[in-house]
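Inside the fold
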Amino acid sequence: MTDRRLWSYREIAAHIGVRPDTVRSYRKHGLLPSPDLHESGRPYWFADTIRDWVTRRPGYRDHRPKNR
C-alpha cells in the first residue's frame, strides 16, 4: 500500500524526532530527498518518500519486532 499523504517540514520533524529547523538544514545541505511537490512555494514530500529516506540514513536501526 502506498502512503501518498504530503508531509511538510513539521511532519518530517515529528517523524524523526527533531525540530523543523533541523529538517530545513538537512535540505539546505542536500541531506533530504528532493520534494515530491511544491505548493504555494512550499516543499512537500510523500510520507513514503520520507520513510524510505529514513531507512537509508546513517545509523538507522530497524526497531520493528523480529519474526520468530
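Our subject is the structure listed above.
In this report, we go over the structure that sits alongside the text. Source: prediction; values computed, not measured.

A few words now on the overall build of the chain. Helices and strands together make up the secondary structure of the chain, namely three helices and three strands. Ordered by position from N to C terminus, the α and β elements of the chain give β-α-α-β-β-α. Among the 68 residues that make up the chain, the fraction classed as buried is 29%. Counted over contacts in the chain with a minimum sequence separation of 6, partners at least 24 positions apart contribute 48%. About 5,500 Å² of surface is accessible on the chain, with carbon and sulfur atoms providing 47% of the total.

Applying the stated criterion across every chain, the model contains two aromatic pairs. Cation over ring: Arg4 sits above Phe46, and NZ or CZ is 3.8 Å from the ring centre.

On to the pattern of salt bridges. Overall, the coordinates contain five salt bridges when judged by the stated rule. The closest approach of N and O atoms between Arg51 and Asp3, which form a salt bridge, is 2.7 Å. Of the two residues, Arg51 sits in helix α3 (residues 47-56) while Asp3 sits in the segment before β1 (6-7), which places them 48 residues apart along the sequence. Classification of Arg51 as partly exposed rests on a relative accessible area of 31%. The structure contains a network of salt bridges with shared partners spanning Asp3, Arg5, Asp48 and Arg51.

With that out of the way, let us pick up the packing of helix α1 (residues 9-16) against α3. Between α1 and α3, the least distance of the axes is 11 Å, while the angle of their chain directions is 40 degrees. Regarding the angle of α1 to α3, the classification is oblique. Once α1 is placed against α3, the crossing between them reads as right-handed. Counted together, Ile12, His15 and Ile16 of α1 and Ile50, Arg51, Trp53 and Val54 of α3 form the full contact between these two elements.

Let us look at the sheet that holds strand β2 (residues 37-39). The antiparallel open sheet is built from three strands, whose spatial order is β1-β3-β2. The open sheet has two edge strands with one neighbour each: β1 and β2. For β2 and strand β3 (residues 42-46), the ladder comprises three bridges, and the chain directions are antiparallel. Residue pairing in the sheet places Glu39 in a bridge with Arg42 of β3. With respect to the sheet, α3 is in contact with β1 and β3, its orientation differing from that of β3 by roughly 75 degrees.

Reading the values: the criteria
- Residues numbered from 1 in each chain as written.
- Predicted model: local features only at pLDDT ≥ 70, side-chain atom pairs only at ≥ 80, totals over all residues.
- Heavy atoms only, no water.
- Helix = DSSP H or I, 4+ residues; strand = E, 2+ residues; numbered from the N terminus.
- Buried < 20%, exposed > 50% of the residue type's maximum accessible area, 1.4 Å probe, protein only.
- Contact = heavy atoms within 4.5 Å.
- Areas by Shrake-Rupley, 256 points an atom, 1.4 Å probe, with all protein chains shown as cover.
- Phe/Tyr/Trp six-rings, centres within 6.5 Å; stacked < 30°, edge-to-face > 60°.
- Lys NZ or Arg CZ within 6 Å of the ring centre and 35° of its normal.
- Salt bridge = Lys/Arg side-chain N within 4 Å of Asp/Glu carboxyl O.
- Axes fitted to C-alpha atoms, helices over the stretch in contact; angles between N-to-C directions.
- Parallel < 35°, antiparallel > 145°, perpendicular 65-115°, else oblique.
- Left-handed = near helix turned anticlockwise from the far one by under 90°.
- Pairing = 2+ DSSP bridges.

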